[in-house]
Amino acid sequence: MNMKKKLSIFTALAVFQAFAVGSVSAQSAPQDDTASVNTAKVESVEVLKQEQPIAESEVKTGSNNASTNTPSTKGKETGTLTGIEETPKTDIEKSAIDGEGSTTNETSTKPVNQEGTPEDVETPATPAQIEQPSIDGNSAVAAGGNLTLYMNSNKMEQDGKTYLAGQPMTVKNGVSYVAIRALVDRVGYGVKYDNKTKETIIISGDNELRFKTNSTVYTVNGESRTMKGPAYQQKNTFMVPLTSITQALNITYKVNQSAKTVVLNLNTKPVASFVISQKEIFAGDKVDYVTSSSSPNGLDILDERWTGRQESFDQAGTYTISYQVQDSNGQWSDPYSMTIQVLSPNLPPVAMFTTDKEQYKMGEKITYIDQSTDDENSIEKTVWENNSLAFFEPGPKTVTLTVTDNHGATNMYSKVITITNETLYSFSDFNLLFTPVGQKFTFNGGEVTSMEKVPYTYRDEPSLLIRSNSPETVNTEGIVYKESSSGQTRFMIHHVNNTGKRVKMYVIATNNNPNPAVFEQQNMGFAGPTPYATVAGKLSIDKWFKSIQTGADQKKEVIQPGESKLILTELNKTPMKEGQVISLYSDAYSDYSLDYNVILVEENKDPFETLPMLPVLDRDGVHNRGTYPNATRIITYDQLVGVKPARLPLGDNASDPNLVGTDPMAYTDASNAGNFGVLYKITLNNVAPRTLISFNPRGGKYSGVALVNNQVVSIADGNVAVSNSSEQSVLYRTGAYGESVTILFSAAPGSNLPVNLLFTPLPSEK
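This structure is a prediction, so every number in the text was calculated from the model and none was measured.

So, how was this worked out
Along every chain, residues carry numbers that run from 1 in the direction the sequence is written. Side-chain atom pairs in this predicted model are given and counted only at pLDDT of 80 or more, local residue features only at pLDDT of at least 70, and totals for whole chains, interfaces and linings cover all residues. Only hydrogens and water are removed before side-chain values are computed, so all heavy atoms of the structure are retained for them. pLDDT expresses, on a scale from 0 to 100, how confident the predictor is about each individual residue. The contact definition used throughout considers only heavy atoms, calling two residues in contact when any of these lie within 4.5 Å. To qualify as a helix, a DSSP run of H or I must reach at least 4 residues; to qualify as a strand, a run of E must reach at least 2; elements of each kind are numbered from the N terminus. Strand pairing is assigned whenever DSSP identifies at least 2 bridges connecting the two strands.

When pLDDT is averaged along the chain, the result is 83; 81% of the residues meet or exceed 70. Contacts from residues 1-143, a stretch scored under 50 in pLDDT, to residues over four places away or in other chains number 292 contacts.

Structural data, given as structure tokens:
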């Protein structure tokens, strides 16, 4: 028997032995450990190999002393990963994935048999490195930790152990290839070969990947995908593009070009977490646990376990709770732990009040003293029922107080007081004397027109009013106002969105002068967006007056020649939904004339790019717009007021004439109906002792504020409006001596004009 035949017999005997014992799995153990052997049913005629574990000290890269399957790298040019095919960019250095033409260490792409041996001529080529399936269909090696691959080397490191792949990691035509069996064993997936379709199969949970030699197409769960390069065999080792596996199985990796390594994140443990829906947990209360879990490999979560969990905790204290889940591969997640503080059971608040007396005359003021308590001093809501300041019918009256703490617990207390048949004050006299400032009361509104008018005169201060209020309801994008102004300028902007889209409003200032211009925002009152016009109007005036008090909203902008800038930017901070209202009041000053455009556009559009294409919108024919000079009206009255009922009308176009101006977009004259946007500075130098100053609407519902002796006073408190001409809201009462009283007032958008300030002598107190 010649040598060639002897070798062929030995080769056949080796193949037979491989079929008999199945695949040998590499062990993450020191060199002197014995590798375990899994017997498996033979389903193909493929020769199976595995990478061998070795100690770190035994790896001699670039030396001929490496194992048989480790080619020497001495004197070779180091390959790079610049040719890795496109991958998810998570945790990957971009420079390593651009794939621009690096072909370092390129090898032939044809199917490779063992070169230079007669046996390879006689033995059919077979997919190399393919394992026969073990009994459970999974790889014998469990994945864990990170896996480090070395470029142009068959060295791999995992969990402190070093392994040798069948072939080195190789770059061919700009694509990085790895030995599929070596990678799969380390990752911990199942691998087998389909003899009928000639496909290498990787199984990970419910995912199945199929590869063919010399094909750039592979499938993931039956769906075809394309690789940057074809799979091929090299010296009985099946090589595939690295990123075809990492993409399909969602394996993230990092490339270190300086160290010439690729580090794969192989953390396949499932992830567990939970939250407790209650913000506060009280002893005895049921605890609501909301769990969340997932598997990086998409495996099913089959089991869970808790440590320290209780459906409720009997005692207050600190508790630690841990949660884990197990996937279908039997792997448990790391514990997710949370430390909670269980509080003593919440005690409801205690509602309680007293009155200064148990029995009252009709029209006698009742003093209510709230004595409610809470163990945490956290009463958040107080609701009274029938707590009138006085009653005007005799008999028992039940008054109820309900309080609510910050945990939602409530308590109620009721008290009965007695009203006798005696009368102390009439209904009218009582309200004049005792209705609190900022609250309203009813009276005979028909008496107002017979009151004597205060014969005041006024003068105007220069301040150009830009009133952008028509169309009040805006139906399309466009320019709602445009004007030029220098010096003192006041902006009043009040609009409703009816475009059917989310929009923003902007004010753009453009400097068309040859010199830089300074724009100074002096104060600001902005409200909205809100569905309620009266709410927006009242809040904008309230904030404007507070800004006048504090000066907190002052800003300065320098606008260069030819430059455009956004000003009054409170206006455009929040998009307006359909049907919402915004309202803005602001005083400003510029040293040069600036061109202003007030626009409404969709929220995501650039206002500067959109402005040249916007149409100028028409007036709606109902509301007012215009530019009005002299918009600050000074009223000073030195004569005695308050010794008899009197009124001071505002916004009536008689005693208080409308401002006259122009509509610069319609090229017409304009009259400021109601004088919205006008700031009234009223000084009454001689108000009689014991005088009530109140606010009475004459045009309909009104909701706003006034600044009285530098104090903001609501008309009327909360969300309550002065509804009609038979109601008045208390602004101020003088005491035993005459006083000078200063009132700043401006009509709130969304309300109705005209209005009257009423001066009524107070009745004597009993």
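Now that the structure has been shown, we can carry on.
Bringing the environment of alanine 517 into the picture now. By the element assignment, alanine 517 lies in strand β35 (residues 517-530). Between the C-alpha atom of alanine 517 and that of leucine 594, which follows or precedes it by 77 residues, the distance is 7.9 Å. Not counting the four nearest positions on each side in its chain, alanine 517 is found in contact with Asn511, Glu557, Val558, Ile559, Asp591, Tyr592 and Leu594.

Our focus in this paragraph is unusual backbone geometry. Note the cis peptide between serine 470 and proline 471, where omega equals 5 degrees. Mapped onto the secondary structure, proline 471 falls in the loop between β31 (464-468) and β32 (473-474). Each neighbour pair has its own omega, and for glycine 528 with proline 529 the value is 0 degrees, a cis peptide bond. Structurally, proline 529 is set in strand β35. Despite not being glycine, asparagine 377 has its phi angle at roughly 55 degrees, a positive value. By the element assignment, asparagine 377 lies in the loop between β24 (368-370) and β25 (379-385).

Here we take up the pairing of strand β2 (residues 146-150). As defined by bridge partners, β2 adjoins strand β15 (residues 261-265) across 5 bridges and the pair is classed as antiparallel. When the bridges of β15 are listed, leucine 147 appears paired with leucine 264. When β2 meets strand β3 (residues 155-158), the two strands line up antiparallel, connected through 3 bridges. Across the sheet, residue leucine 147 finds its bridge partner in β3, namely glutamine 158. In textbook terms, the turn of a hairpin is the stretch between consecutive antiparallel strands, and for β2 and β3 this stretch comprises 4 residues, one of which, asparagine 152, has a positive phi near 60 degrees.

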